[in-house]
Each structure stands twice: as C-alpha cells, then as structure tokens.
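Structural overview
Chain by chain, the residues run as shown.
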Amino acid sequence: MMVNRVKLARVEKSLTQAQLAAKVNVTRQTIGLIEKGKYNPTLQLCVAIAKALDKTLDDLFWELTK
C-alpha cells in the first residue's frame with residue numbers, strides 16, 4: 001500500500017495546493033491528483049515536492065509492507 005503524506009506536509013507548511021504547485025512548477029490540479037493518489041509523480045517531481053516542503057522522500061512517499 002502506497003502512503004502519501006504530501007497533503008499533511010503541505011498543510012503543516014500553511015501552503016495551498018496552488019502555492020505548492022507554483023514552487024515545483026506544476027499545476028494545482030497535479031498537486032491535487034498526487035494528494036489523492038491518482039497521479040504517480042516522477043522521481044524528479046517527488047524530490048522537488050520534498051524540497052519545497054522541507055521533507056525527505058521517506059517522509060512523504062514510502063511503501064508499507066506487512
């Protein structure tokens with residue numbers, strides 16, 4: 001199961017989807033889809049989002065194994 005904590009990290013930084021999108025040069029719709037788990041971002045975009053939110057890739061995206 002893929003866990004996506006982008007929305008939580010974005011809210012913690014008091015950023016809107018549009019503000020985060022502007023920081024990483026994508027559309028607000030793309031950020032919304034990433035947060036809903038309906039869009040699989042490239043590694044480059046994941047790194048950009050992590051940097052914009054002052055998080056690591058592990059903080060935002062990881063696979064849970066059982």
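Structural notes, computed from the coordinates. This one's a predicted model, so the numbers in the text were calculated from it and none came from an experiment.

**What about unusual backbone geometry?**
The phi dihedral of Ser-14 falls on the positive side, at around 55 degrees, and the residue is not glycine. On the secondary structure map, Ser-14 appears in the loop between helix 1 (6-12) and helix 2 (17-24).

**Details of helix 3 (residues 28-36)**
Buried within helix 3 are the following residues: Thr-30, Ile-31, Gly-32, Ile-34 and Glu-35. In the segment just after helix 3, Gly-37 is the residue with positive phi, at about 75 degrees.

**Quick look at the nonpolar core**
Counting residues in hydrophobic clusters, the biggest one holds 16 residues, and the most contacted among them are Val-6, Leu-20, Val-24, Ile-49, Leu-53 and Leu-60. Within the residue set of this core, elements represented by two or more residues are helix 1, helix 2, helix 3 and helix 4 (43-52). The element that contributes the greatest number of residues to this core is helix 4, accounting for five residues. If near-sequence neighbours (up to four positions away) are discounted, Val-24 is found in contact with Ile-31, Leu-45, Ala-48, Ile-49 and Ala-52.

Criteria and cut-off values
Residues numbered from 1 in each chain as written. Predicted model: local features only at pLDDT ≥ 70, side-chain atom pairs only at ≥ 80, totals over all residues. Heavy atoms only, no water. Helix = DSSP H or I, 4+ residues; strand = E, 2+ residues; numbered from the N terminus. Buried < 20%, exposed > 50% of the residue type's maximum accessible area, 1.4 Å probe, protein only. Core = buried A, V, L, I, M, F, W, Y, C linked by side-chain atoms within 4.5 Å. Contact = heavy atoms within 4.5 Å.

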